[in-house]
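Residue-level structure breakdown
What follows is the residue order along each chain.
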Amino acid sequence: MSPSGIRRGGPPLTEAEAEDLLRCICFKTGPPRTVGVELEWLVHELRDPRVPVRPPRLAAALDSVRALPLVSALTFEPGGQLELSSRPAGSLMECLDSLAADLVAVRAALGPLGLTLSGYGVDPWHAPRGRVLHEPRYDAMETALARTGPAGRAMMCESASVQVCLDAGLEEPGPLGYHRRWRLAHLLGAVLVAAFANSPVHGGRRTGWRSTRQALWAELDPRRSLAPPPDGEPRTEWAAHVLDTPVMCVRAEEGPWAVPEGLTFREWLRTGLPRPADADDLRYHMTTLFPPVRPRGHLELRMMDAQPGADGWMVPVAVTTAVFDDPEAAETAYRAVKPLAELAGPGPAPRNPLWLAAARDGLADPELHAAARAVFSAALDALPRIGASEGVRRAVAAFHERYVIPGGCPADDLQVVTS
């Protein structure tokens, strides 16, 4: 390991070796047993969130949070968003309870400093936000993403999400098979975008999208935020997608990182320029791909906006886990979302018509509304079977009644005063 934290010295990787490595590490199959969650939060002034938090004050507050004895991994996004990543948990409630306890501790540390955590998919007031973290990775990322417009900077500095991590699934076919779960994730994902949309306002202005965050991801990059073709063999399609996506950066032990334009990882392997790539470069390259569903051994479902309220984040986690890990609910959900493939068409998420309708219209779209009602009903039936507490079941039922049945989403409630 170099002083910069970059692991170097591995042998150059061949194209065939890269394909084999991707097939081995991206879909680790077995019975679904664990769940994890990554929660991103915007940090705002407690008394008036319209007042910007100055970078020195934000940095000091984040240092205070770093000193807490948390179970979850604590990181910060480039704009100062706070992220808690749970450990892989053996059950839904183990995951929820652990994260909830850490959130209590974080809020208790921020409150006396006059700060709070806010659950919005994008910052309703502060756009553009300045970058707080200045590291080679984020310097390179901003340079690369700026080539296609301002969406990249907004994603880095002004967005927040609820991300659910679930096991890839069984090798064999069936409702818990990895092939079915991969397909389910890319159709159900649009339903989750629509139901949990919570970012209609950005920088004090209504954008015309219920999930502006998802709209930003769709604009992000010609290829980096796209899913691979939806109907192929997942391992094959993902491996090709990774190798044929341009490299965001070439890391260096000293000085700024190179940001090549248009150099795919496959071309890097074939040419060996600007230096030979090794297995660690490939693993790093995968972290610079931002599709709505990212396979990293398990599946990362990355499409949901951050949610309002102290515990609103629990609802998308519970619903998603229930319809993926309970076999009966998984089968019901798949039947409910399968017709959405016709609306999606042949294009990849998140730019196909299905995903764009989800981000723009939420559950006002009739096809997404019908699918969401079936999915939430299946989740409510499954939650007792996967050990969800009475409180979690009540929260999901309340969300179902308030938003899903009438065809709404949290974005419909957001009233932002700008002055």
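So, how was this worked out
Per chain, residues are indexed from 1 in the order of the written sequence. Confidence filtering applies because this is a predicted model: local features only for residues at pLDDT of at least 70, side-chain atom pairs given and counted only at 80 or more, and all residues used for totals across whole chains, interfaces and linings. Think of the side-chain values as coming from all heavy atoms in the structure, minus any hydrogens and water. In DSSP terms, a helix is any run of H or I states spanning at least four residues, a strand is any run of E spanning at least two, and both are numbered starting from the N terminus. Every radius of gyration here is taken over C-alpha atoms, with the globule rule written as 2.2 Å times N^0.38, N being the number of residues. Buried, partly exposed and exposed residues are distinguished by accessible area as a fraction of the type maximum, computed with a 1.4 Å probe on protein chains only: under 20%, between the cut-offs, and over 50%, respectively. Note: two strands are recorded as paired if DSSP finds a minimum of 2 bridges between them. Using a grid of 1 Å spacing that covers the protein atoms alone, one calls a set of points a cavity when a 1.4 Å probe fits there but cannot get out, and a pocket when the set is open and has protein on both sides within 12 Å along at least five of seven lines; lining residues are those with an atom within 4 Å of a point. Grid points are joined across faces, edges and corners, and a volume is the space filled by probe spheres set on the points. Under the convention adopted here, Pro, Cys and the residues Ala, Val, Leu, Ile, Met, Phe, Trp and Tyr are nonpolar, Asp, Glu, Lys and Arg are charged, and Gly plus all remaining residues are polar. Between rings of Phe, Tyr and Trp, where Trp is taken as its six-membered ring, a pair exists when centres lie within 6.5 Å; planes separated by under 30 degrees are stacked, by over 60 edge-to-face, and by other angles tilted. Working rule: Lys NZ or Arg CZ, within 6 Å of ring centre, within 35 degrees of ring normal, means a charge sits over the ring. To define a nonpolar core, start from buried Ala, Val, Leu, Ile, Met, Phe, Trp, Tyr and Cys residues and group those joined through side-chain atoms within 4.5 Å. Here, two residues are considered to be in contact whenever any of their heavy atoms come within 4.5 Å of each other. One number per residue, pLDDT, summarises how confident the predictor is, and it ranges from 0 to 100. Counting of polar contacts relies on pairs of N or O atoms within 3.5 Å, with two restrictions inside protein: one atom must be capable of donating a hydrogen and the other of accepting it, and residues adjacent in sequence are counted only when both atoms are side-chain atoms. Fitting a line to C-alpha atoms yields each axis, with helices limited to the stretch in contact; the angle taken between N-to-C directions then spans 0 to 180 degrees. With respect to orientation, any angle under 35 degrees is reported as roughly parallel, any angle over 145 as roughly antiparallel, any angle of 65 to 115 as roughly perpendicular, and every other angle as oblique.

1. Here's the deal with the overall build of the protein
Tallying secondary structure elements over the protein gives 16 helices and nine strands in all. Taking 22 Å as the expected radius of gyration for a compact globule of 419 residues, we find that the protein reaches 21 Å, a close match to that expectation. Dimensions of the protein, computed from the C-alpha atoms along their principal axes, are close to 55 × 55 × 40 Å. Each of the 419 residues in the protein was classed as buried or not, and the buried ones make up 57%.

2. Brief notes about the pairing of strand β1 (residues 35-45)
In terms of residue burial, β1 counts as a mostly covered element, since eleven of its eleven residues are buried. Taken together, the five bridges between β1 and strand β5 (residues 161-167) define a ladder with antiparallel strand orientation. Note that in β5 the partner of E38 across the bridge is Q163. Pairing analysis gives four bridges linking β1 to strand β3 (residues 82-85), with the strands arranged antiparallel.

3. With respect to the layout of surface pockets
Rolled over the atoms, a probe with the dimensions of a water molecule shows which regions are left empty. Reported here for the largest pocket is a volume of approximately 860 Å³. As for the largest pocket, its lining consists of 37 residues, of which E38, E83, R294, R296 and E300 are closest to the centre. Tallied by class, the residues present in the lining of the largest pocket amount to 14 nonpolar, eleven polar and twelve charged.

4. Thoughts on the packing of aromatic side chains
Enumeration according to the criterion identifies eleven aromatic pairs in this entry. Three or more aromatic residues link up through ring pairs in this structure, and these residues are F27, Y178, W182 and W238. Above the face of the W41 ring, R107 is positioned so that its terminal group lies 5.0 Å from the ring centre. It is R180 that lies over the ring of Y334; its NZ or CZ is 4.0 Å from the centre.

5. Focus on the nonpolar core
Among soluble globular proteins, nonpolar side chains are generally buried collectively. Formed by 124 residues in total, the largest nonpolar core has its most connected members in L82, L188, L282, W313, V337 and L368. Ranked by residues supplied to this core, first place goes to helix α6 (residues 178-195) with twelve residues. Discounting chain neighbours no more than four positions away, the residues touching W313 are L39, W41, L96, L99, A100, L103, V162 and Q307. Counting seven residues, the second largest nonpolar core, distinct from the first, contains L42, V201, A306 and L414.

6. Some words on the pairing of β3
Side chains of β3 alternate between two faces, with L82 and L84 and E83 and S85 buried alike. Note that strand β2 (residues 73-76) and β3 share four bridges and pair antiparallel. Considered in β3, the bridge of A73 is made with S85. From the end of β2 to the start of β3, which pair antiparallel, there are five residues, and G80 there has a positive phi angle of about 95°.

7. Looking at the confidence of the model for the protein
Of the residues in the protein, 97% have a pLDDT of 70 or more, and the chain-wide mean is 94. Predicted confidence is poor over residues 1-5, with pLDDT under 50, and the contacts of this stretch with residues over four places away or in other chains come to five contacts.

8. Here we look at unusual backbone geometry
Residue P128 is bonded to the preceding A127 through a cis peptide linkage, with omega at 0°. Structurally, the position occupied by P128 is in the loop between β4 (115-118) and α4 (136-146). In this model, A349 is joined to P350 through a cis peptide bond whose omega is 5°. Examined against the element boundaries, P350 turns out to sit in the loop between α13 (340-344) and α14 (353-361).

9. Some points on the side chain of R294
Assignment of secondary structure puts R294 in strand β8 (residues 293-296). Since its relative accessible area comes to 6%, R294 is described here as buried. Reaching out from R294, the side chain makes a polar contact with the backbone oxygen of T287 at a distance of 3.4 Å. In this structure the side chain of R294 is engaged in a polar contact, spanning 2.7 Å, whose partner is the backbone oxygen of L289.

10. Some words on the packing of α6 against helix α15 (residues 366-382)
One can describe the packing of α6 onto α15 by two numbers: an axis separation of 10 Å at closest approach and a directional angle of 95°. Classed by the angle they form, the pair α6 and α15 counts as roughly perpendicular. Residues L188, A190, V191, A194 and A195 of α6 form the contact with α15, whose own contacting residues are L368, A371, A372, V375 and F376. A per-class count over the contact of α6 with α15 returns ten nonpolar, no polar and no charged.

11. What about α14?
Those residues of α14 not exposed but buried are L354, W355, A357, A358 and A359. Measuring from the side-chain oxygen of the N-cap residue of α14 to the backbone nitrogen of L354 gives 3.1 Å; that N-cap residue is N352. Phi for G362, located one or two positions after α14, is positive at around 60°.

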